[in-house]
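For reference, the chains in residue letters:
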Amino acid sequence: MAVPVAFFALFFAYPVTAIVGRGLKAEGDWQFGRIGEVLSRPDILDVLWFTTWQALASTALTLLVALPGAYVFARFDFPGKQVLRAVVTVPFVLPTVVVGTAFLALLGRGGLLDELWGVRLDTTVWAILLAHVFFNYAVVVRTVGGLWSQLDPRQEEAARVLGAGRFAAFRRVTLPALAPAVAAAALMVFLFTFTSFGVVQILGGPAYSTLEVEIYRQTAQLLDLPTAAVLTLVQFAAVGAILAVHAATVRRRERALKLVDPAQTSRRPRGAGQWALLGGVLLTALLLILLPLGVLVERSLDGPGGYGFGYYEALQSVGAGGSSTFLVPPLEAVGNSLRYALVATLIALVIGGLAAAALTRRAGRLVRGFDALLMLPLGVSAVTVGFGFLITLDKPPLDLRTSWILVPLAQALVGVPFVVRTMLPVLRAVDDRLREAAAVLGASPLRAWREVDLPLVRRAVLVAAGFAFAVSLGEFGATVFIARPDNPTLPVAVARLLGRSGEVNYGQAMALSTILMLVCAVSLLLLERIRTDRSGEF
């Protein structure tokens, strides 16, 4: 636990505490009375209520839509499966401002629904909920489907032989085994929607505001740091309470599971029902995932003189849109993002892997509390973290404000929870008797982990690496404050282009977003091939 604790204390707790302290201090004295004043305001109460119920609704809707997809990817083998798995993960890394714009083109004035049926959903909560499902569909599919594909189907088949119906066998055998993974996926979806920013700001309009949107407004627009600090504390406390309840729920349902090679559980669909389920999942992916992404590609190619690659060519020069938005050609952001994401993935795997290994020991309340703390970066405002980095990591021996490593550190903060939540259910499912047998035969703890745990969790490690790499590519909230002008990342470059008026700037933003989408899709496809090729070593 020592290394993860030190990492989070230095790069998360210290910056957040510093920025909150500046907001609640006046002339050196703490002003705790401001908390009651802020929380009694009717506008703030409305923000708290909307933040909570839209997150609950988004989580429920995402589980409802994505759990059939998790089953299909876990149990069925069909042409294009690896490509589709990579495609459904792409939305998760796209900058929220880009996705909000794409959904606005579908649901807003002059959008596809407006042209076909005269229906507009922008500035409504339905647009927000649909965009949240678009973002988080892959979280459920990969987190739940990863464990589901390793569960031995013969256990459920044995229950059916003993007289249980299909639903009863699933409810009594498979569902309890999947409960930790489902709870982990629901937790991640809730945290992302609870702190939603870009989607709500673009699709919700002035009528809807989450805590994250309000913190940004109070900080960047109104310069009201006391109110922003109070809202950050509220967000922090709410997420901490949710994580504590989740940890207790998962702990009561833990048990050792019999894990098998995913290749043994995947087969071609049989019967009309299974083919219908596969068709429904494919149709959902087409309408929910591919359609918005198709709009994104179409806009990147729709130039002033007709369809072509004019916007892509403009990315190779500085000031192509008639402005000095960048010190370097925007296309350099591609290489920057890849380098930063690779370093952030390595950091997240080391920190998250050590944390997950420590959490499998169940060593009392201290470790259980640590489990909840690891998830807090997903529930704390990225605006707060970004500002905190700037005001704390600027003095020796940690003067990192001008160092390139600052960006991967911020990205790794978001990647570590994904590594932990992906690896932990599988690590806890490994039978302790296997480790004990290795120890009896003379294996050291390190060798027992290498010979027993690692072969069983190799697939989870690859999934965790894919998640960490994906979220690092798309991280925007904290990176926008610390990325240097001469080394922008793709999301930061897109946001800067969207913030400038002009058709060329907008087209370049769509072109960069399409490049980000393609880079992510290729990376995830390569990960799928490596994972599939090595699954036989299980």
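On a predicted model such as this, the values are computed, not experimentally measured, just so you know.

(A) Layout of the layout of surface pockets. In this structure, the largest pocket spans a volume of roughly 950 Å³. Considering the residues around the largest pocket, the lining is formed by 39 residues, among which T96, F197, A382, F476 and G477 are closest to the centre. The element that contributes the greatest number of residues to the lining of the largest pocket is helix α10 (residues 198-204), accounting for four residues. Here the residues of the lining of the largest pocket are counted per class, giving 26 nonpolar, 11 polar and two charged.

(B) Layout of the side chain of Q218. Locating Q218 in the fold gives a position in helix α11 (residues 211-221). For Q218, a relative accessible area of 2% corresponds to the buried category. Those residues in contact with Q218 that sit more than four places away from it in its chain are R41, L223, D224, T227 and A228.

(C) Fine view of the packing of aromatic side chains. All chains considered together, the criterion is met by 12 aromatic pairs. Between F134 and F135 the ring centres are 6.1 Å apart and the planes differ by 70°, which places this aromatic pair in the edge-to-face class. Pair check on accessibility: F134 and F135 agree, each one buried. One aromatic cluster is present, formed by F7, F8, F11 and F12 through successive ring pairs.

(D) Local environment of the side chain of T143. If you trace the backbone, T143 turns up in helix α7 (residues 125-148). Within the structure, the side chain of T143 is placed 2.7 Å from the backbone oxygen of V139, a separation counted as a polar contact. Look past the residues within four positions of T143 in its chain and what remains in contact with it is A138, A181, A184, A185, M188 and F467.

(E) Looking closely at the nonpolar core. Ranked by size, the top nonpolar core spans 152 residues in total, and within it F7 and F389 carry the most contacts. Of all hydrophobic cores here, the second largest spans five residues; its members include V430, A443, A448 and V452.

(F) Local environment of the packing of helix α4 (residues 81-89) against helix α14 (residues 271-301). α14 packs onto α4 with a crossing angle of 35° between their chain directions and a minimal axis gap of 10 Å. In this structure, α4 meets α14 at a crossing whose hand is left-handed. Side by side, α4 and α14 meet where L84, V87 and V88 of the first sit next to L282, A285, I289 and L290 of the second. Tallied by class, residues from the contact of α4 with α14 come to seven nonpolar, no polar and no charged.

Parameters and conventions
Residues numbered from 1 in each chain as written. Predicted model: local features only at pLDDT ≥ 70, side-chain atom pairs only at ≥ 80, totals over all residues. Heavy atoms only, no water. 1 Å grid on protein atoms, 1.4 Å probe; cavity = no way out; pocket = protein on both sides within 12 Å on 5 of 7 lines; lining within 4 Å. Points joined across faces, edges and corners; volume = space filled by probe spheres on them. Helix = DSSP H or I, 4+ residues; strand = E, 2+ residues; numbered from the N terminus. Nonpolar A, V, L, I, M, F, W, Y, C, P; charged D, E, K, R; others polar. Buried < 20%, exposed > 50% of the residue type's maximum accessible area, 1.4 Å probe, protein only. Contact = heavy atoms within 4.5 Å. Phe/Tyr/Trp six-rings, centres within 6.5 Å; stacked < 30°, edge-to-face > 60°. Polar contact = N/O pair within 3.5 Å; in protein donor to acceptor, adjacent residues only side chain to side chain. Core = buried A, V, L, I, M, F, W, Y, C linked by side-chain atoms within 4.5 Å. Axes fitted to C-alpha atoms, helices over the stretch in contact; angles between N-to-C directions. Left-handed = near helix turned anticlockwise from the far one by under 90°.

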